[in-house]
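Fold and geometry: a report
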Amino acid sequence: MTGTPWRYGWAFVCLILVGWIWQLPQHLAGADALADRVARFQVKARVARDGAADLDEKVEHWISENPQQFAKQREPLVQRFREQLSLQTSDGHTYPYLGDYDSYAWVRLARNYLEHGTTCDELRGESCRDTYVNAPLGMDMLYRRSFHIAAIVGLHRLISVFSRDYPLTSTASWVPWIGAILGVIAAFALGVRLGGTTGGAVAALLTFLHPYVVQRSLGSDNDIWNITLPLYLAWAIIAAFDGGSWLRRSSLFACVGLAAALQAITWSGWIFHAGILVLGALVFLLHELTLRRPENASDLRRSFGTFLLILLALAVAVLATSGVYQQGVTSIERYISSALLPPGEPPQVVGASGVWPSLFSTVSELMDSSFQQMASASFGAVWMWIALLGLPLAVLPRRAWWPWRFLVFAGSTGLATWAAYENLIGRGLLVLCLIALSVLAVVWRRGAAVSNEERPGCGEFVVAIWLVATVFLAFNGARYVELAAAPLALSSAIVVGRLVAAVVEWAAAHRWRWYRAAEPLLGAAVAVALLHPVSVGYRTAAAFIPGINDAWWKVMEYARDNSAPDAIVDAWWDYGYWVKYVARRPTAADGATLRSHLPYWIGRTLVSTHPLEGAGLLRMLNCKGDDTPYAEGEQSAYGLIQAQLNDAVRSQQLIVTVASQSRTEAAKTMEANGFTPEQQQVVLAATHCEPRDSYLLLSSEMARRDSWVRIGQWDFRKAFIRDALDRHVPVDAVVVDAAKRFALPESTIQSLVTDAQRLSKADFISGSSPRAPSTWYPCQAGSSAGTLRCPLGLQDKAKGRVIEEFLFSIAVPEVSRLKVRRSGDADAVMMKPGSLRLATATLGDVPLEGDLYDDTGVLVDYGAKRILVGSPAFLRSLYVQLVFLDGRYTHGLFEKVAEEISLSDDRVSLWRVHFPPSPAS
C-alpha cells in the first residue's frame, strides 16, 4: 500500500468523502433532521395523553408500529422547512440561505467590491470606512482586504458567466468547500510525509471532518483559511529542509511567503501560526546541532541556510501586508509582555474604563474550555490520547521506539490524558507533562546508533511544537480548539503510520506466512477505525442549517423597502451583519464592535424598565453612537462626558439619567454636575438631536439566551469594586474610596467586597440569571374563588427544586405564591416569587416582602389569563414589553410595523421608534 497507486487511491477517497460531506448543507440536509424532531414531538404530545411514564419508549414504539403514518406526517414538515430556509430568485430557483452571522460580513464586503470596485462604504483619504455600523458616524473597516473576500468575488464572477441570477450568498457558501478540498491535499501530503499512506488518510480526514472545523466553516466565515493556509505553510517549511535543487527550494520559499501573506490578509492572528511553525523548525535545527557528527557539517550549513531563507520569505510577506499584519503583531507583543514582565506597584483606585463589561464574555466560543470538552469535540478521548502520544513518538527514531518505548510512552500519555479528562490536572501541568515526555524521548535515545534516515525530521518537530501550542491555547475557548485540529490530526498520523510500519516490518522480518497481506489488512483496519470520525463529520454537516430563515429575511426586506435610505435599524449585535446585508441599512452594533461600548448600550436599552429610557438611549446611540475606545467614541455622549468627569462610573450613570429626560431637564442635570452652558450644548447634541428614522429589530428567540440581559444589567458600581480588587488594590483602599464615591456606608461596601471575592465576576456584577422557558403558561380558575392556578413544572437545577405551579390571588396579589418542592421531598412549600408584575390596564410591580424565591419572578397578563416566568430584570425589560406584551404599555414610543413567525415559532418583529420631541433650548 505504500506504492503510488494505493497512495492516489487513498487521496481520492479522502477528497470524495470530504467533498461529499461538506456539500450536504447545499441540499439542506438539516431540514430532514428538523422535521424529524418536530414530527417526533407531535407524536410525543399525542401519546402523552395516555400517561407521562416512558414517553420516549412510547414514541419509538408508535413510530415502529406506524412507519407510513409517521413518514406522511414528517414529509410536509421537510418541505416547509426547506421553503423557510431557502431564498427564491427571480428565475424561480431556490437556494439555501447562508449559514451563520459572520458570513454576512464577508459577503457584504464582496458585494461592495462587485458593485463599487472597493470593499469600503466610503473612502476618507487613506481610511476605509464602514458607514453601516456605529451609525451615523461609522468606523474604520477592520478587513479592507481579505483573501476570503477575493475568493468570493472571483468565484462569483466565474459563476455569473453561466448563471446571472445565482445569489452571491450561494457563491460564498461554496468558498469553504473549495478551501477544504485544497486543504485535504496539503493535509494528506503532510500525513504521508510523517506516517506513510495511512498517515495521510488519517491527517486529511481528522482535520477536515473535525466537528468544529466543519461547523464553523459551513457558512462562509473565513475560518477555513486558518486551517488550510497553515497546512500549506507547514508543508512548504518542512519540504524545504529536504534539500533538492535550488529551483525546487526557491519555489518552496515562495510558497512559504505566499501562504503567510494570504493568511495575514485573512486573519489578524496569522502571526501565531507563522511564529509557531518557525519555532518548530528552529527547535529541529538546535536538536540537529547537538546530535550531528562533524562529517555532517555540510548538512547543517544547508539546514541553517534554509532556515534563514524561510525567515526572509516571511519578512517579505510581512512587508507585503504591512498595515494588515500590525494588529496581530501588537497582540502577540502584549501577550508576551503580560506573561513575562513582573507586576509593578499596586495601582491606585481610579474610575477607569476597566469597569465596562467585556462583550467577548457573551461569545460562547470564546469562553474557557475544559480538556474534556476539547476531547469530546475531537472525536473522543481515545483519538485525543492517540494524538498526544504522537508527541514523544515524533522525536524518537523511526525504528528505535518499538515495543518497550512505545508501551512506556503510551501508558504515560494515557495517564496524563485521563488525569486531564477528569480535571485532576490543569492545562499548565498537562502541557508540562507532554513536554517532559518528549524531552525524555530525546534523552532516552541519544546514544542510539541510528542512521540519518531514521532520525526524526523537521516535520516531526514542527508538528510537536504546533500541537503543544494549540492544545495550550485551546483551553481559552472552543474557538481555539479549531486551530488544534490540524496538529492533532498530524500527530495522530505519526502514531498510526508508525504502528502500521512497525507491524509490517515485524511480519516481514519473521517471515509470517501472509506477511505480504499485512499492510492491506492494516490499511483496512485503519479505514474501519476512521469510520467513527467520518460519521461524526457527516452528522455535523447533515445537521447544519442556516441561522437565518424566511421570517428574518422578510422582516429585513420590509425594512429595506419601507424605510428611508439613511434609516437606522438597531438590533442586538449578533444580528448586525444580517441587517447590513439584507436590509441594507446602518445599525449600531455588529460582531466587529465587541471591543467598543456599542453592544452594551443595546443591551442596556433592551433591559430598560421604562420605554422613555429605552427610547432615550436609542436616540443617544443614533445621534453620535459610542464607539469608545475607538476614535469615534470621542464624539459620543460618553466620550464628551468622560472627558469632563474622568470617571467611568459617573459618566455611564449620567448618560442613562440624561437620555431619559427632556432636553431642558437634561441641561439642568448636567449643570448640577458641573457642566458649563457651552459643554451642555455639545453633550445635548449627542443625546437629544433629531436622529434619522430609527427602528428596532427583535425576535422571541432572543429570550432563550441571557447574554443581552446580563450585559444590560451590568452594575458599574460593583464593577468598579471588582476591577479594583482584580488590580490588587488593597481592600481597605477599595472600601474607603468606593464608600466616598457612591455615598454608601463602609459596612455596605465591605459586604460587597466580600461578595466580590466569593462570587464569579459575572454573577457578582450582573447577578445570577436562572433560565426558564421563555413562553407563556396558560392559567385556569383555581380551587377557591378569585384565584388563578398556573401549572409550570419547571426544574431549578441550581437549587435542586421543582417549581410546580403559581397560584395567583386576583383580589390580593401580594399573597400569590409559587408552589415549590425540593427534589425527593413529598411535601411542597409555598413561596413568594422574587418579583410579581401585573399587566392589566397599566403595567406595574406588586410590592412583596418576606421570604422570596430569589431571582425568579412572575409576570401576570391578567386579561389573557397567562403568566411569564423569568428573572426580575428580564420581566421588567423593554424587550418583554415589546415582544411579549406587544408594545401596548410603551405610550406610543414604539410602533410595530412588521412581524413574521417561523416554523420554530420564532417571532421576528420590527418596531419604529417615535422619539419624544426635544426642542432646542
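Above this note sits the structure.
Here's what I pulled together on the structure shown here. Because the structure is a prediction, the values reported are computed rather than measured.

Looking at the overall build of the protein chain
Of regular secondary structure, the protein chain possesses 37 helices and 18 strands. A compact globule built from 921 residues would reach a C-alpha radius of gyration of about 29 Å, and the protein chain, at 31 Å, matches this within 12%. The dimensions of the protein chain, computed from C-alpha atoms along their principal axes, are 95 × 75 × 65 Å. Residues classed as buried in the protein chain amount to 53% of the 921 residues present. In the protein chain, once contacts between residues fewer than 6 apart in sequence are set aside, the share between residues at least 24 apart is 67%. Summing over all exposed atoms, the protein chain offers an accessible surface of approximately 39800 Å²; the carbon and sulfur share of this is 58%. Positive and negative side-chain charges in the protein chain, numbering 83 and 83 respectively, have mean positions lying 5 Å apart.

Some points on the pairing of strand S17 (residues 894-901)
Where S17 lies against strand S18 (residues 907-913), 7 bridges are found, and the strand directions are antiparallel. Looking across to S18, one finds that Phe 894 is bridged to Val 913. What sits between the antiparallel neighbours S17 and S18 is a turn of 5 residues, in which Asp 905 has the positive phi angle 65°.

Some words on the packing of aromatic side chains
Inspection of the entire model under this criterion finds 30 aromatic pairs. Note on Trp 708 and Phe 874: the rings are 6.1 Å apart at their centroids and 55° apart in plane angle, and the pair reads as tilted. Here Trp 708 is found in helix H31 (residues 707-712), whereas its partner Phe 874 is found in helix H36 (residues 872-876), with 166 residues between them in sequence. Here the aromatic residues Tyr 101, Tyr 104, Trp 552, Tyr 575, Trp 578 and Tyr 581 are joined through ring pairs into a cluster of three or more. In this arrangement the basic side chain of Arg 108 is found over the ring face of Tyr 132, its NZ or CZ atom lying 4.8 Å from the centre. Here Arg 427 stacks its cationic end above the ring of Phe 472, 4.2 Å away from the centre of that ring.

Digging into the sheet that holds S17
Strand order across the open sheet formed by 4 strands is S6-S7-S18-S17, with mixed pairing between neighbours. Each having just a single partner strand, strand S6 (568-570) and S17 make up the two edges of the open sheet. Ignoring strand direction, the axes of neighbouring strands in this sheet form an average angle of 25°.

A few points about the state of the cysteines
In total, this model carries 3 disulfides according to the counting rule given. Here Cys 623 pairs with Cys 689 through a disulfide, and the sulfurs are 1.9 Å apart. A torsion of -100° about the S-S bond marks the disulfide between Cys 623 and Cys 689 as left-handed. With Cys 623 in helix H26 (residues 611-624) and Cys 689 in the loop between helix H30 (677-687) and strand S7 (694-699), this residue pair connects regions lying 66 residues apart in the sequence. Comparing Cys 623 with Cys 689, the two get one shared label, buried. Residue pairing for Cys 779: its cysteine sulfur links by disulfide to Cys 790, the two sulfurs lying 2.0 Å apart. Handedness of the Cys 779-Cys 790 disulfide follows from its S-S torsion of about 105°: it is right-handed. Taken together, the residues span a long stretch of sequence, with Cys 779 in the loop between strand S8 (777-778) and strand S9 (780-781) and Cys 790 in strand S10 (residues 787-796) at a distance of 11 residues.

With respect to the nonpolar core
Counting 228 residues, the largest nonpolar core has Trp 22 and Tyr 879 as its most contacted members. Residue contributions to this core peak at 18 residues, all from helix H7 (residues 168-208). Apart from residues no more than four positions distant in its own chain, Tyr 879 is found in contact with Leu 606, Leu 698, Ser 699, Ser 700, Met 702, Ala 703, Trp 708, Phe 874 and Phe 884. If you look at the next biggest cluster of nonpolar residues, it comprises 23 residues, including Ala 375, Met 384, Leu 430 and Val 468.

Overview of the packing of helix H1 (residues 4-22) against helix H22 (residues 531-542)
At a closest axis distance of 9 Å, the pairing of H1 and H22 adopts a crossing angle of 25°. Classified by the interaxial angle, the pair formed by H1 and H22 is roughly parallel. Every residue of H22 that contacts H1 at Leu 17, Trp 20 and Ile 21 is listed here: Val 534, Gly 537, Tyr 538 and Ala 541.

With respect to the pattern of salt bridges
Counted under the stated rule, the structure contains 40 salt bridges. Salt-bridge contacts for Glu 482 lead to Arg 216; the nearest nitrogen and oxygen are separated by 3.6 Å. With Glu 482 in the loop between helix H19 (478-481) and helix H20 (485-509) and Arg 216 in helix H8 (residues 211-217), the pair connects residues that are 266 residues apart, well separated along the chain. For the pair shown, Glu 482 and Arg 216 are each scored as buried. Linking Arg 758 and Asp 755 is a salt bridge whose minimum nitrogen-to-oxygen distance equals 3.0 Å. Taken as a pair, Arg 758 and Asp 755 lie in helix H34 (residues 746-758) at a separation of 3 residues, close to a single helical turn. Here Asp 755 falls in the partly exposed class, since its relative accessible area comes to 23%. Here the salt bridges share partners, and the residues they tie into one network are Asp 32, Asp 36, Arg 40, Glu 60, Arg 74 and Arg 82.

Some thoughts on the sheet that holds strand S3 (residues 122-124)
As summarised here, the arrangement of the 3 strands in space is S3-S4-S5, forming an open sheet in which the pairing is antiparallel. Each edge of the open sheet is held by one strand with a lone partner, namely S3 and strand S5 (139-140). In this structure, S3 lies alongside strand S4 (residues 127-130), joined through 3 bridges in antiparallel fashion. Across the sheet, residue Glu 122 finds its bridge partner in S4, namely Arg 129.

Regarding the pairing of strand S14 (residues 843-846)
With 4 bridges joining them, strand S13 (residues 829-839) and S14 adopt antiparallel strand pairing. Opposite Leu 838, over in S14, you have Gly 844 as the bridge partner. Two successive antiparallel strands, S13 and S14, enclose a turn made up of 3 residues.

Here we look at the environment of Pro 833
Looking at the secondary structure, you find Pro 833 in strand S13. Those residues within four positions of Pro 833 in sequence are excluded, and the remaining contacts are Phe 806, Ser 816, Leu 818, Leu 848, Leu 852, Tyr 853, Thr 856, Gly 857 and Val 858.

Some remarks on the environment of Ser 492
If you trace the backbone, Ser 492 turns up in helix H20. Looking at Ser 492, the relative accessible area reads 2%, which means it is buried. Considered as a pair, Ser 492 and Leu 389 are 103 residues apart in the sequence and their alpha carbons are 7.8 Å apart. Aside from chain neighbours lying at most four places away, what touches Ser 492 is Val 202, Leu 206, Trp 383, Ile 386 and Ala 387.

Thoughts on the side chain of Lys 580
Residue placement: Lys 580 occurs in helix H24 (residues 576-583). Within the structure, Lys 580 has its side chain in polar contact with the side chain of Asp 590 (distance 2.6 Å). Residues in contact with Lys 580, not counting those within four places in the same chain, are Arg 108, Arg 111, Asp 130, Tyr 132, Val 133, Arg 585, Thr 587 and Asp 590.

Overview of helix H4 (residues 67-84)
Spanning 18 residues, H4 covers 26 Å between terminal C-alpha atoms, matching the ideal 26 Å at 1.5 Å per step. Every buried residue of H4 is accounted for by Phe 70, Gln 73, Arg 74, Leu 77, Val 78, Phe 81 and Gln 84.

Considerations on a nonpolar patch on the surface
Together, Leu 279, Leu 282, Leu 286, Leu 289 and Phe 304 give the surface a local cluster of nonpolar side chains, amounting to about 400 Å² of exposed area. The leading source of residues in the nonpolar patch is helix H11 (residues 270-291), at 4 residues. Secondary-structure assignment places Phe 304 in helix H12 (residues 297-320). Under the relative-accessibility criterion, Phe 304 is labelled partly exposed at 31%.

Some words on unusual backbone geometry
Cis rather than trans, the peptide bond between Ala 135 and Pro 136 has omega equal to 10°. Within the secondary structure, Pro 136 sits in the loop between S4 and S5. Cis geometry is found at the peptide bond from Thr 628 to Pro 629, where omega equals 15°. By the element assignment, Pro 629 lies in the loop between H26 and helix H27 (637-645). If you check the backbone angles, Leu 28 has positive phi at about 50° while not being a glycine. The phi dihedral of Asn 134 falls on the positive side, at around 50°, and the residue is not glycine. Residue position: Asn 134 is located in the loop between S4 and S5.

Analysis parameters
- Residues numbered from 1 in each chain as written.
- Predicted model: local features only at pLDDT ≥ 70, side-chain atom pairs only at ≥ 80, totals over all residues.
- Heavy atoms only, no water.
- Helix = DSSP H or I, 4+ residues; strand = E, 2+ residues; numbered from the N terminus.
- Rg over C-alpha atoms; globule rule 2.2 N^0.38 Å.
- Buried < 20%, exposed > 50% of the residue type's maximum accessible area, 1.4 Å probe, protein only.
- Contact = heavy atoms within 4.5 Å.
- Areas by Shrake-Rupley, 256 points an atom, 1.4 Å probe, with all protein chains shown as cover.
- Lys, Arg positive; Asp, Glu negative; His and termini not counted.
- Charge placed at Lys NZ, Arg CZ, Asp CG, Glu CD.
- Pairing = 2+ DSSP bridges.
- Phe/Tyr/Trp six-rings, centres within 6.5 Å; stacked < 30°, edge-to-face > 60°.
- Lys NZ or Arg CZ within 6 Å of the ring centre and 35° of its normal.
- Axes fitted to C-alpha atoms, helices over the stretch in contact; angles between N-to-C directions.
- Disulfide = S-S within 2.5 Å.
- Core = buried A, V, L, I, M, F, W, Y, C linked by side-chain atoms within 4.5 Å.
- Parallel < 35°, antiparallel > 145°, perpendicular 65-115°, else oblique.
- Salt bridge = Lys/Arg side-chain N within 4 Å of Asp/Glu carboxyl O.
- Polar contact = N/O pair within 3.5 Å; in protein donor to acceptor, adjacent residues only side chain to side chain.
- Expected span 1.5 Å × (residues − 1).
- Patch = residues over 30% accessible without salt bridge, like charges linked within 9 Å, V, L, I, M, F, W, Y side chains within 5 Å.

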